[in-house]
Amino acid sequence: MTAGRFKVGFQYLHIVFSVSAGFSELRLRQRADVTGSFRIYVDVIACEQQYDYSYDARCDVWSLGITAIELADGDPPLAEMHPVKRALLPHNWKCLIKDFEARPSVTHLLEHPFIKQAHGKDVALRQQLAVLIQEQQEIGCKAKTKHERINTRKTLIIESCPDDDLVNLEFLDEETIICHLQKRYDELQVYTYVGDILIALNPFQNLSIYSPQFSKLYHGVKRADNPPHIFATADAAYQGMVTFCKDQCIIISGESGAGKTESAHLIVQHLTFLGKANNRSLREKILQVNPLVEAFGNACTAINDNSSRFGKYLEMKFTPTGAVIGAKISEYLLEKSRVIKQAVGEKNFHIFYYIYAGLYHQDKLKPYRLPEGTPPRYIDSENCKVMQDIVSGKLYKEQFDAIQECFRNIGFTEEEVNSVYRILSAILNTGNIEFAAITSQHQTDKSEVPNSEALESAASLLSIGPEELQEALTSQCVVTRGETIIRTNTVDKAVDVRDAMSKALYGRLFSWIVNRINSLLQPDMNICAAESCMNVGILDIFGFENFKKNSFEQLCINIANEQIQFYFNQHIFALEQMEYQSEGVDASLVEYEDNRPILDMFLQKPMGLLSLLDEESRFPQATDQTLVDKFEDNLRCKYFWIPKRVELCFGIQHYAGKVMYDVNGFLEKNRDTLPADIVVVLRTSENKLLQQLFSSPLTKTGNLATSRARVTAASRSLPPQLGSGRTKVDTMEMMRHPEETTNMRRQTVASYFRYSLMDLLSKMVVGQPHFVRCIKPNDDRQALRFCKERVMVQLRYTGILETVNIRRQGYSHRILFEEFVNRYYYLAFRAHQMPETSKENAVAILQRAKLEDWVLGKTKVFLKYYHVEQLNLLLREVIARVVVMQAYTKGWLGARRYRKEKEKRSHGAIIIQSAWRGYVARQNLKQTKKEQEEAAVRIQSGKDNFMFSNEVHHIFKCKSVECAMTGCRFRKSRAECVYCCCRHRQYHVGACCCFAWLDQCPHFSSVAGPVMKLQQRTPRRRGQQPKLLNSPEDSLYYNQLNVSSNQIKVLDGEDEYYKLLSTVESIPEEEYATAPHSHPF
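Residues numbered from 1 in each chain as written. Predicted model: local features only at pLDDT ≥ 70, side-chain atom pairs only at ≥ 80, totals over all residues. Heavy atoms only, no water.

Trainee: Mind showing me how you'd approach the packing of aromatic side chains here?
Mentor: Aromatic rings in a pair are described by how distant their centres are and how their planes are angled relative to each other. Taken as a whole and judged by the stated rule, the model has 32 aromatic pairs. Judged by centre distance (5.0 Å) and plane angle (80°), the ring pair of Phe-407 and Phe-412 falls under edge-to-face. Using a relative accessible area of 7% as the deciding quantity, one classes Phe-412 as buried. Here Tyr-865 and Tyr-866 contribute two aromatic rings whose centre-to-centre distance is 5.1 Å and whose plane-to-plane angle is 85°, an arrangement assigned as edge-to-face. Assessed through its relative accessible area of 28%, Tyr-866 is described here as partly exposed. Feature note: the residues Phe-296, Phe-400, Phe-407, Phe-412, Tyr-421 and Trp-512 constitute an aromatic cluster, connected by ring pairs. In this structure, Lys-347 packs its charged tip against the face of Tyr-353, placed 5.8 Å from the ring centre. (Phe/Tyr/Trp six-rings, centres within 6.5 Å; stacked < 30°, edge-to-face > 60°. Buried < 20%, exposed > 50% of the residue type's maximum accessible area, 1.4 Å probe, protein only. Lys NZ or Arg CZ within 6 Å of the ring centre and 35° of its normal.)

Structure, rendered in structure tokens:
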């Protein structure tokens, strides 16, 4: 049977390869894509999503190979392995090549000897295939494959691997943990659990385990069902937020270059997938926030090409149902000093290189006053390769295009983006301003700008006057006892002022970008009220650093990492063990390294290191040497020492090891003084964004305040001269209001740093923490290289061994009885029951859930880290059943409601139709009656006229006259004339002469009476029936009406009206001729 199955697979491969090889067009090859029915294969999916490569027929080869094996064996290769582990296998296995670029094309495979032997045998192979299929059918389906049938809809069954969690190791020591991590790292399994804590080793390469298909695997499932993954931590935070209705916090820590920033990206990616916002553009905006902020806040250092030079706390906001509706960024301690100077082998912030390359390739360097030949001083490096990378490299240009797309998608206007580019270009031009000393008769320390090109370029981009800018750089105003004194700056002082302005421009611009992003991504209050929103915070902060030369920036960064480590220790060790003692729980205590004394040395008042630094910074005559002496006199502890025979240096024993700090520039960096002259000049800019940057106040953390006040309102303290165009303003007048410089001198970088730590901790302690510990396997940033010594150091100072012990022995979840019963009573009680929040009911719930190794304290339930997950899954199953029942009930109610509504609508339609038919019938009846009434009126009028003419004929026997009727050419008697006029219904006009004669007739009143009555006839009342034609006169007039309207009616002998007409007395024609005509008309 094995040979038969192999033959089927071989023949299938040959047939499909032959067809696919004939397709030359890309479109046809896409349609020829054949993938195994077991579509979970990650490699095929990842290949289809290779955006950097065009579609290639080699994808089909891979798919066809899997399909052929599946046809033969019933399962694709390695089907029993989890997709994550299968995706991390070595590149080549069996006969299939996993590397997309190394796969052969169909035409290459057709030339392979194994396939070439089948050329020209298509007909014979088809016949053999048909016979083989028939034989297999006769044998039975059970013998076709190893399974009953090919699993087209196979359910993946994964057995939990004990190696995924270090807590499950039988022996716990450093060597065992290191060997275990190395083994997993060699298999590219970079994630490992320590209970509910995730260890992430930086693979230094791209892995195909972060696609949307993997996001589906880590959605609301048990942690042990899948291998460890960063998505599992994000899902745990999301499920905890939805289940407990409580904010969550994911804390990512580790050294610089350990992969914290990339881990933060992946967590945001998975949370947006779980949130499933209805607004697709919102999800795209949130995903593009990190790349945009990191372009301005990250830089290349000696140990990391994308090092975070600021602290970032991203809060993703969700509705109570779990839909993402917005985001907010909090930024801390941007390393502004990097703008003006970088260490050897390091670079400035990414955005400077991106914008320079982008504008260069768009031929827009001239509008932004940037040179084409030599790079600006702020981004120039010692190896002089900056311009070469900008001109020839594609990376910077592609990143610039991506940043422009981020600006556009998030919602920045073109005017705002252009202002950002102008300010960045102005910073680069400001760095090129040089100063020279000039001597005069009275002053020898005055400075000037010998070459005004860079000065004019910077002033033009900042929309200020070059004279004003030069005066602010080369002199300063001091207000003393109401008098303004102008002091000139030396060359060194002017350089410091120039660099201070550049740092202030960049720092405030960065804060404005963050504030603008927050305003564009703030939640819609119409969707969810602010008090009902829930947050998942993600902390991505600069990692611990230890360079060859460490300065004030490294000191602040390492103090921040000390604070994060202290928070980890407190949450994992201290608070847990304190609750053991207070609740009377018998649990073995775990010893750990507490770094609280080091933090006290840094942060306590008034004798802490930062307080001493601020105190020394207030003395104008203080130097870096006096600072070191003050440290030595006041910091008397084992964590601080002064090395011998080394000047301006001190050492600190951090939790991560010993670090030596160079004190050169400490005081100046801590002061970070920005002269008021610069502030006032920049406020006069015609650039609205620049006005806003220097009119809004700074917060206690040193960031730009999000004030809604207009710029004009914030600049009311300016002198009147500043509001009158581009005229030169005297610096003495501008210094009358030095509130800004007074406020800035009061605040130092150390004070900003202290408040930043307080603000960060206040946000972290609100939520339930989830920890991700990033480990750097080597310092050379090489893939698949595991340095045991380097990893061992990181595991020791992060306390991984102690964490494993406390997770194995301790209880990470401590829940009050009341909260526990209210949350999980569905598992043991009916839904309508409200059990008491007692200890007995808590025990009943735990027993019903069949949990083990739990402990009850005095007021709390103590659970292992995996107990809460099990309870949540059970609760989710119960709620799912309730939801199903509710769905059926709501469906039945909806169907019944629909039927009633349908019957009501049908009845209403019948009523409307009935009313309409009645209305139409009444209108038709009304119209018919109206027509009958009009006909009756016309008939009655004709009868009266006929009776009048007949009476006139019998009364008047007079002479004939010439008839006045039109067309009547013979003479008639007056009676005949009147009759003729009445006959043609024109007696009012044609017989006027006759009627004029009748006025003199004594019988006129009796004759003319009917005529007058006809003219004054009142309309017939409604409902009155018209008179019937029951007289010969009516019939005669009826015939006359037909003649006058050119309608001839043929009367037969049986017609009633014809019978009536036969009885009418006609007037003989001879009487007309013999009648006297004595009264002519």
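Trainee: Where do I start with the pairing of strand E12 (residues 475–480) in this structure?
Mentor: Each regular strand carries side chains that alternate between the two faces of the sheet. Bridge analysis of E12 against strand E13 (residues 483–488) gives 6 bridges, and the strand direction is antiparallel. Looking at E13, one finds that Ser-475 is bridged to Thr-488. Where E12 hands over to E13, the hairpin turn is made up of 2 residues, of which Arg-481 adopts a positive phi near 50°. (Pairing = 2+ DSSP bridges. Helix = DSSP H or I, 4+ residues; strand = E, 2+ residues; numbered from the N terminus.)

Trainee: Would you mind showing me how to read helix H16 (residues 395–410) here?
Mentor: Side chains three or four residues apart in an α-helix point the same way, a direct result of the helix having 3.6 residues per turn. An ideal rise of 1.5 Å per residue puts 22 Å on 16 residues; H16 measures up with 22 Å between its terminal C-alpha atoms. Of the positions making up H16, those classed as buried are Tyr-396, Phe-400, Ile-403, Cys-406, Phe-407 and Ile-410. The buried residues of H16 occupy an angular sector of 120° when the element is viewed end-on, so they sit on one face. Summarising the contacts, the buried residues of H16 are in contact with helix H13 (280–297), helix H14 (350–361), helix H15 (386–392), helix H17 (414–431) and helix H20 (491–520). (Expected span 1.5 Å × (residues − 1). Arc of directions from axis to C-beta. Contact = heavy atoms within 4.5 Å.)

Trainee: Which parts of the structure should I look at to understand the packing of helix H9 (residues 174–186) against helix H32 (residues 788–798)?
Mentor: In a packed pair of helices, the relevant descriptors are the angle between the two axes and the axis-to-axis distance. One can describe the packing of H9 onto H32 by two numbers: an axis separation of 11 Å at closest approach and a directional angle of 120°. When the interaxial angle is binned, H9 and H32 end up oblique. The handedness of the crossing between H9 and H32 is right-handed. The segment H9 lies against H32, with Glu-174, Glu-175, Ile-177, Ile-178, Cys-179, Leu-181 and Gln-182 engaging Lys-788, Val-791, Met-792, Leu-795 and Arg-796. Across the contact of H9 with H32, the residue classes tally to 7 nonpolar, 1 polar and 4 charged. (Axes fitted to C-alpha atoms, helices over the stretch in contact; angles between N-to-C directions. Parallel < 35°, antiparallel > 145°, perpendicular 65-115°, else oblique. Left-handed = near helix turned anticlockwise from the far one by under 90°. Nonpolar A, V, L, I, M, F, W, Y, C, P; charged D, E, K, R; others polar.)

Trainee: Honestly, empty space enclosed by the protein in this entry has me stumped. Any pointers?
Mentor: Gaps left between atoms show up when a probe the size of a water molecule is rolled over them. Here the structure, examined in full by the defined rule, presents 7 cavities of 30 Å³ or more. In this structure, the largest cavity spans a volume of roughly 590 Å³. Lining the largest cavity are 34 residues, with Leu-333, Leu-334, Lys-336, Asp-672 and Val-749 positioned closest to its centre. Among the secondary structure elements, those contributing two or more residues to the lining of the largest cavity are H20, helix H21 (552–583), helix H25 (666–671) and helix H31 (749–764). The element contributing the most residues to the lining of the largest cavity is H20, with 7 residues. Along the lines of polarity and charge, the residues of the lining of the largest cavity split into 15 nonpolar, 9 polar and 10 charged. Size it by volume and the second largest cavity reaches roughly 70 Å³. Where the lining of the second largest cavity is concerned, the elements lending two or more residues are strand E5 (248–254), H21, strand E18 (768–775) and H32. (1 Å grid on protein atoms, 1.4 Å probe; cavity = no way out; pocket = protein on both sides within 12 Å on 5 of 7 lines; lining within 4 Å. Points joined across faces, edges and corners; volume = space filled by probe spheres on them.)

Trainee: Any chance you could explain a positive patch on the surface here in plain terms?
Mentor: Together, Arg-896, Arg-897, Arg-899, Lys-900 and Lys-904 give the surface a local cluster of positive charge. Along the polypeptide, Arg-897 turns up in helix H36 (residues 867–955). The exposed category is assigned to Arg-897, whose relative accessible area is 55%. (Patch = residues over 30% accessible without salt bridge, like charges linked within 9 Å, V, L, I, M, F, W, Y side chains within 5 Å. Areas by Shrake-Rupley, 256 points an atom, 1.4 Å probe, with all protein chains shown as cover. Salt bridge = Lys/Arg side-chain N within 4 Å of Asp/Glu carboxyl O. Lys, Arg positive; Asp, Glu negative; His and termini not counted. Charge placed at Lys NZ, Arg CZ, Asp CG, Glu CD.)

Trainee: What is the right way to look at the pattern of salt bridges in this model?
Mentor: Pairs can form between side chains of opposite charge whenever their charged atoms are close. Considering all chains together, one arrives at 32 salt bridges under this definition. Here Asp-779 makes a salt bridge to Arg-790, at a shortest N to O gap of 2.9 Å. One end of the pair, Asp-779, is in the loop between E18 and H32; the other, Arg-790, is in helix H32, and 11 residues separate them in sequence. Residue Asp-779 is classed as partly exposed on the basis of its relative accessible area, which comes to 47%. For Arg-790, a relative accessible area of 19% translates into the label buried.

Geometric values such as these leave the question of function open.
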